[in-house]
Amino acid sequence: MRITCPLCGARDRREFYYRGAALALERPAPDAGEQAWDDYLFLRENPAGETRDLWYHANGCGAWLVVRRDTRSHAVLEVRLAGEGAQ
Amino acid sequence: MRFSGLRVLKEGLTGNRGWTAHWRDPEPKPAYDILIIGGGGHGLATAYYLAQVHGLRNVAVLEKGYLGGGNIGRNTTIVRANYGLPGNSEFYSHSLSLWEGLEQELNFNVMQSQRGVLNLFHSDGQRDAYVRRGNAMVNQGDDAILLDRDGLRKRVPYLDFDNGRFPVQGALYHPRGGTARHDAVAWGFARGADSRGIDLIQNCEVTGIDVANGAVTGVQTSRGAIRAKKVGIVVAGRSSQVAAMAGMRLPIESHVLQAFVTEGLKPVIDTVVTYGMGHFYISQSDKGGLVFGGDIDMYASYAARGNLPAVEHVMEAGMALMPMIGKARVLRSWGGIMDMSPDGSPIIDKTGIDGLYLNCGWCYGGFKAVPGSGDCFAHLLATGRPHPAAARFRLDRFRTGVGIMDEEGTGAQHNLH
Amino acid sequence: MRVAGKGVLDRSRSVPFRFDGVRYAGLEGDTLASALLANGVRLLGRSFKYHRPRGVLTAGSEEPNALVTVGRGGRQTPNTRATVQEIYEGLEARSQNAWPSLKYDLLSVNTLAAPFLGAGFYYKTFMWPKAFWEKLYEPAIRRAAGLGALSGLPDADRYERAYAFCDLLVIGAGPAGLMAALVAGRAGADVILADEDMRMGGRLLAETQQIEGRSGQVWAGEVLAELAAMENVRLMTRTTVAGAYDQGTFAALERVGHHRARAEGQPLECFWRIVAKRSVLAAGALERPIAFADNDRPGIMMAGAVRAYLNRWGVCPGRAVTVFANNDDAHRTARDLVAAGVDVVAVIDSRAEAPGSDLFEVHRGAQVVGTSGRLGLEAITLRSAAGERRVETDCLAVSGGWNPSVHLSCHMNGRPTWREDIASFVPTPGAVPGMMAAGACNGAFSTLACLREGAEAARAALVELGRSVPPLDLPATEDEPYRLTPLWAVAGKGRAWLDFQNDVTVKDVRQAVAENYRSVEHMKRYTTQGMATDQGKSSNVTALAVLADATGRGIPETGTTSFRPPYSPIAIAALGAGGQGKGFAPERFTTSHKASRERGAPMIEAGLWYRPSTFPAPGEKSWRQSCDREVRMVRAAVGVCDVSTLGKIDIQGPDAGKFLDFVYANMFSTLKVGRVRYGLMLREDGTVMDDGTTARLGEHHFLMTTTTAAAGDVMRHLEFVSQGLRPDWDVRFTSVTEQWAQFAVAGPKSRALLNELLDAPLEAGDWPFMACGPVRVLGVAGRLFRISFSGEQAYELAVPARYGDSLFRALVARAEGLGGGAYGMEALNVLRLEKGFITHAEIHGRVTAYDIGMGRMVSAKKDCIGKTMSQRPGLMEADRERLVGLKPVGAVKLITSGAHLFAKGAEPVRENDQGYVTSAAYSPTVGHVVALGFLRRGPERLGEVVKMVDHLRAVETLCEVVDPVIFDPEGGRMRG
C-alpha cells in the first residue's frame, strides 16, 4: 500500500501512522453535550466504500494527512494536509 | 443422525451411502419470532442456544453468503479465558466452560485441544502486568500459572530465550487454553440449530431493517421481506452497515487482520505461544500447518485482505522468538474484517429500537467467545435481560464512562486494541 | 532415462547428488525430478492421508506429489518440490512422510481403511470417551499428519529483503512475457522481468515449435541477450512473483542460493517488494489432470510435463508411454516422443472427433478407467467402444486441458471469469489496477497469440505511462487452435483422485454434497480439497467441475474459492528476514552506555532503549544489595543517573503557551521564564496519557519532557493537535531527545557535585526548586533544571549529546569523591516509590487524573484535551479504584506487584476484588516494602488494613492503606 504525501511524494505505507476517521478534526465545543462528544470520540460512520481518514507521515515529514480512500479496494483517491482546512 | 465411531464404521462398510445433510436449506418463512442476522460462529451459536436453552424454534438465521463464511472460518483458532478486567473475566470464563464439552453437547468433533496458552514476558514490568492478569484469572476461578525461564524452557525449548534484543524471562501459562477446529465449530452449531428446528437460510442478504413506532417489525432481504418480533444483529465486521439500516451509528471501526498458515509439518509446536514484545501468536494445527498471526493492518478496511508491512512484521516477530520456524513456508495468508470497539471489548446489548439487539465489537478475539456469545445473546434475545456473564457488555458504556474494559489501556482509538 | 539428442542442458557436466542416501548422477541444468526420472526413479513421496505412493506429476512449482526434504540441521528444508530444486554437487535430498522407508511405508495401511476415512470423518468420531481426545486420538492424528519435518534448530541460513521500483513489471518469461519485456524495454521503460524458473523462456523451453525459423529455445535466448544488454531492463530468474498488493506493490521471492552449495556471505533467499506503475501478468497456464480410478500412481504425469522432460531435459519418464487427453495439445506429447524415438503405446482421446495420426494409434471416444502397479504404473484399463482392455504402459501422460494461472489477478479480491470455449477461468480485466494479462494465463494458447498479447499488453502499458509506442512487429510462428471438450471425471467405480496430496477423491466431493457442504468453500473446507502445499493448482478447477456436476449447477455459478498470496509458499525466514537475533527492533543507546557497561552495569531494555539496572560495587552478590546501596547513597550523599531517554520536545512559537494550556490538564501559559512545571497530559477520552515536566526557556520557547515510553506518542499527539485541531496557532515542535544528554544529580550533596563542574558555581539561594536556565559546564553550554524524581535536592543537567559520555564520567567520578556514585533503574524506582511518584506502571492507560489523586490539576479555567470526557459519570465515581500507598502489616512482610486487594476477611474471588498493586519494592530508607496500588475509594480508606493476595506467587498478606508519599511527605528535602 502506498500513499502520496503532498509534501514528500508516493511513499510506502510503512512510513505512515493511521489514526482513524477524519472526524477527529471536528472537535466539539466543551459544552456541546454528551451526544456530540459520543459522536466525536466513539461512534463511527465506518463506511464500506469511500472514507476520509487521518494518517500521520511519522517516518517522513511529520504531516498529518486527510486521505480519501475506498475501504473495499484500498484505492487512495485524494490526499491533503490536515492543516489546510481539509475538513 | 447421531455421529459416532460406530456410525463411521457402519457407513464405511456400506459404501458411505447413508450420510445425510448436516442441515436443511429451507425457504424463508414469511415471519419468525426471532431473526438472527449473520450466520457466522456467533450467529449460529446464538441460534443453537435459543433452541437448546430457551426452547425457541420459530427462529431463522439469515446469512448473505455461506454458513461460517466470516471470521469463524478465517481465524487462528485460539480458545482462552485469560482476561484481566471485570466483564471480560466472567464472560470468557463462561465461554471457556461451554467450550469444555462442546463436542459431546453438539455431537460434532470441534477438536478442542486444551494444549495451553503461553503469554511470554520480557521485562519485570510485563511480568507484573501478567501477574495481575493471572491473579484476576484465578480470582475468577480459572487457571493461571507463572512460569520462570526454567519452567518455560521445559515446555518450549525452541524459543530463542537469549534473544539478543528481548530475552525471554518467563510466561503466564493458561493450561485450559488451547485451540479448536474453527470450521467445525460453525458446522457443529449449525447442525445443532438445524436439528432443533431453526431455519438456517444461506444466500440471503439483509438489505433493510423495518422499524415502526420505535420497534422492529422485520427485515428486507435479497429473498424477500421477513417479519419478526425480534431481530439480533451479529455480523462482526459488517455491524456498522447493518446497524445503519436501522439508522444507528455504532462505536465500531472495521479493520483487517491477517493470519497465516504454513505447509503441513510434523508436530513441532504443541501449545499456543504468544510473544510479549511483538504481536505474534502461533500454534500448530492437527493437520500440521503452523497457524499464526499478529496485529491488525491498522487501517480501516473491508477488503478482507491486507498488505506486506503487517505480513513482514509478523514474520520478523516469529523469527525473533523462535528461529526454528524459519524453514516453514507460508502457504496462505488471508484477512478478516474485525469489528474494533473503542475499548477493545465487545457489545451484547439491546438498542434504542425495541426488539432490535446487537452483538458486536469482538475486535480480533471473537473465536474463543463463540459459545459464550451465543449463549449470552440467546439469553438476551429470549428474556430481554442481559445474561449475568455479559451484563457489562453495554452499548452505552462509552458515553457514560461506566464499566469501560480497556484491557490494553490504549484509549479510545479503535485500532489500538 | 535420457533420450539421445534431446534437451537443452549441458551433457558434458555430470553432477553427483544423493536421494535417500543413494548416489545418483544428473546433468547441470537438471532439477531433482528430471535427474531422478533420468535415473529411472519414479517413487518420490507419499500422500498425506493414505500414504499412497507418489511420483512426479508436473515439471514446475505446482507439483503436489514429489516433495522431499533437503539438507540437514539448521538448514533442513522440508516440502521442497523436486520439480523446482536444481541439483548441485553435494545435494542431499530425502523422502518424507514415510516410515520406515519410502518403499515400505507402514501408514500405507490407511489406504485400506479408506472407507472409514472419507471426507470429514474426524468430525463424526473421536468424541467418546471425552478424555480420550487429548490423550489418545489427537496425539495419534498429529503424529500421522504433516509432511516433512522442521529440524527444531534455529534457521542457519541468511535471508535478505529488498525493494525495487519499475515502470513495468512483467511476470513470467514465456513467449508473452518475453515479448512484453522486449517491447517495453526497447521503448526505454524501466522493466523488471521476473520468472520463477532457473532459466527464462517458459514453455518455449519445453516445446518444439519454431519462431522465425529458429527453435523457440534459440529465439528466447536471443531475446534474453537483447534484454540483458539493456540498462533499463532487469532480469530476475528464480524469482516468483508471489503476491499482488495495493498501489502496484508486488511480493516476490528470489531463490538466490538453493541451486548450489552454500556460499559464504550469500543469502539463501531474497524477498522483494516490487513497486510497479504497470504490470503484465504472463504467468502461463497449468495443465489439469482428469479424474479416473487409481489415477494417482507414480508414472502418471501431466502430458505437458512429459513433453517438458523430453524437450528440455532430454528425459523420458517411461519406456512405453500412453497419452490420455481431451484436447489436441496433448497429441504433441505423442508426436514429440515418437520423433525422439520413444515408444508411444497410444493416444486415448475422450473426444469422438479427435484428430488421428500416422505416427501413433489414436483411440477416439475412449477413456482410461483404471490402472495397476503397486509402486509405479504398470498397466491401464482402456475403455472404448470395443469394450475394456488392459494396456501395458509405464507412463501415462494425462491432459484435461490447461488452466490459465489467474492467481495473481485474484489477490486483490478479483474473481476470475469463466470462458466456456476453453473450459477455464481467465483473469478479469481490471481485477488488479494497472495489471494486464497476456498469453496463456489469459487463455491465449498458441505461440503467436502469446507473442501478440505480450506485445499488445506492453504497448497498452506504454500508452498509459505516456511513452511513445513502437510499431507492432511480431515474429512468425505457429498459431494452432486449442481444441478441447471438457472431461473432468471418468465415470466408474474406484477412487478417482482430485487432490493428489491431500487424497481427496471424486467420491469425497460427492459425499460432501450429500451432507450439504454444497458451497465451494464448504466443499473445500470439509474435504480439504486444494488445501495442500500446492493450494490445488492442478486440481481445483476439476474439483469445482465435479462439485458443479454433483449439485446440478454450472461451473461459473459454483464459483471458485479465494486465491490468496503467496502464489507459491515462502519461508517465514525470508518474509521475516532480519528479525532473527537482535534484528527485531532497533536499539537505542544513551551516551553513558559505554561508561555504564565499563562499570559492570547490567543493561535492561526500556522500550527501544537500554538502561542500567544497577551499578554493582565489588563484592555485591545480588541486584538488591546494589540497589539498596544506591538508594542510601542518593539519600545520604549524591547519585548520578542518565535520564536522557525521557522524551524531550522543543516547542517554540508565539502560541506555545496557549498550546500547552490546551494539551496539558493544568496551566502553562502562566509559567514564568526560567521555571519548570509538572504537567499532566490527558487523552481526549479523559484518561491519563503521560506526565512530565515542561520548562519555559523563553517567552515563546518551552522544553517538554515526556516519559521514555510515551515520547513518540506525545510527539505525534502534539502534531495532531497543532495541525489538525489548532492549525491557526503559531507553534512548532522538534524532538530533541537524541540531541541532549541529560543526567539527574540527586542527593544532599548534589549542589556540591555540580559546583565542581559548573563554570559559575551555584549559591544556596540560586536555582530554587523548579528553576531552570542555561549554565556552562566545563566550558560547554548546557541547561540546568532543578527538578527531582527522587525527593532529594536534585538537578538535571543537560549538555549536547556529544558531551554526554565525558560529562557522565566526570559526574560519576566526582560523585564518588563525595561518597556518592551512579545509580540505575532499580534504585530510581525505589526512590520514586518512596515518594509516591507515578510511572506508567500506574498510568497504565485506564486511569484518570481523579484516580491518581490529581483531579484538581485539571484546570477549571480553560478547556483542554480530555477535560470534557474526563467528566463522564463513570470516570467520576467515588467507588473507582484510586491510587494509594501500601505497607505490609501482616506476618508476611512482602507486597508483590500484580497482586490483588481484598477486604480483610473477604474471599479472594472476583466478586470481592477491591484493587491491585502496581509497584512494590523494598525501601532501605524506611526499612520495609513500599508499594503503590489502586483501591476502591482508596484515599478514603487510609489506615484500613486490607488483604493482598498474589495467587501466582503464592503470597498472601495484610497491608495498611497509606498515603502514596511515604518518605518526606512535606517535601523539605526536595525544596531545601
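Here the structure is a predicted model, which means the values were calculated and not measured. (Residues numbered from 1 in each chain as written. Chains lettered and ligands numbered in written order. Predicted model: local features only at pLDDT ≥ 70, side-chain atom pairs only at ≥ 80, totals over all residues. Heavy atoms only, no water.)

S.K.: Now, about the overall build of chain A: what can you tell me, with residues and values included?
M.R.: A tally of helices and strands in chain A yields 1 helix and 6 strands. Starting at the N terminus and walking to the C terminus, you meet the elements of chain A as β-β-β-α-β-β-β. Overall, chain A is about 40 × 25 × 20 Å in size when its C-alpha atoms are taken along their principal axes. The 87 residues of chain A split such that 53% are buried. The contacts in chain A between residues at least 6 apart in sequence include a share of 44% that link residues at least 24 apart. Counting every atom, chain A has about 3,400 Å² of accessible surface; 45% of that belongs to carbon and sulfur. Side chains of chain A give 12 positive and 13 negative charges; the mean places of these two sets differ by 8 Å. (Helix = DSSP H or I, 4+ residues; strand = E, 2+ residues; numbered from the N terminus. Buried < 20%, exposed > 50% of the residue type's maximum accessible area, 1.4 Å probe, protein only. Contact = heavy atoms within 4.5 Å. Areas by Shrake-Rupley, 256 points an atom, 1.4 Å probe, with all protein chains shown as cover. Lys, Arg positive; Asp, Glu negative; His and termini not counted. Charge placed at Lys NZ, Arg CZ, Asp CG, Glu CD.)

S.K.: How would you summarise empty space enclosed by the protein if you had to cite specific residues and measurements?
M.R.: Applying the stated criterion across every chain, the model contains 11 cavities of 30 Å³ or more. Of the pockets and cavities examined, the largest cavity occupies roughly 410 Å³. Together, 28 residues line the largest cavity, and Gln535, Gly536, Asn540, Thr561 and Phe563 of chain C are the ones closest to its centre. Among the secondary structure elements, those contributing two or more residues to the lining of the largest cavity are strand S25 (402-404), helix H9 (520-527) and helix H10 (540-551) of chain C. No other element matches the 4 residues that H10 of chain C contributes to the lining of the largest cavity. Looking at the lining of the largest cavity residue by residue, the classes come out as 12 nonpolar, 11 polar and 5 charged. Of the volumes computed, that of the second largest cavity is approximately 90 Å³. What lines the second largest cavity is a set of 14 residues, among which Val311 of chain B together with Tyr245, Pro565, Pro566 and Leu575 of chain C lie closest to the centre. Taken together, the elements giving at least two residues each to the lining of the second largest cavity come down to helix H9 (308-321) and strand S16 (329-340) of chain B together with strand S13 (239-245) of chain C. Here the lining of the second largest cavity gets 3 residues from one element, more than from any other, and that element is S13 of chain C. (1 Å grid on protein atoms, 1.4 Å probe; cavity = no way out; pocket = protein on both sides within 12 Å on 5 of 7 lines; lining within 4 Å. Points joined across faces, edges and corners; volume = space filled by probe spheres on them. Nonpolar A, V, L, I, M, F, W, Y, C, P; charged D, E, K, R; others polar.)

S.K.: Describe the environment of Met198 of chain C, naming the residues involved and giving the relevant values.
M.R.: All names here are of chain C. For Met198, the position within the fold is in the loop between strand S9 (191-194) and strand S10 (210-211). Spatially, the C-alpha atom of Met198 lies 29 Å from that of Gln247, the residues being 49 residues apart in sequence. If we ignore the near neighbours within four places in the chain, the residues touching Met198 are Gly29, Asp30, Thr31, Glu86, Thr237, Arg238, Arg312 and Trp313.

S.K.: Can you lay out the UniProt feature "domain: GCVT N-terminal" (unreviewed entry) in chain C for me, pointing to particular residues and giving the numbers?
M.R.: Under the UniProt annotation, "domain: GCVT N-terminal" (unreviewed entry) lies at residues 593-862 of chain C. As annotated, residues 593-862 of chain C has a helix share of 27% and a strand share of 27%, and its two end C-alpha atoms lie 43 Å apart. (UniProt positions renumbered as here; feature names shortened; annotations may be inferred.)

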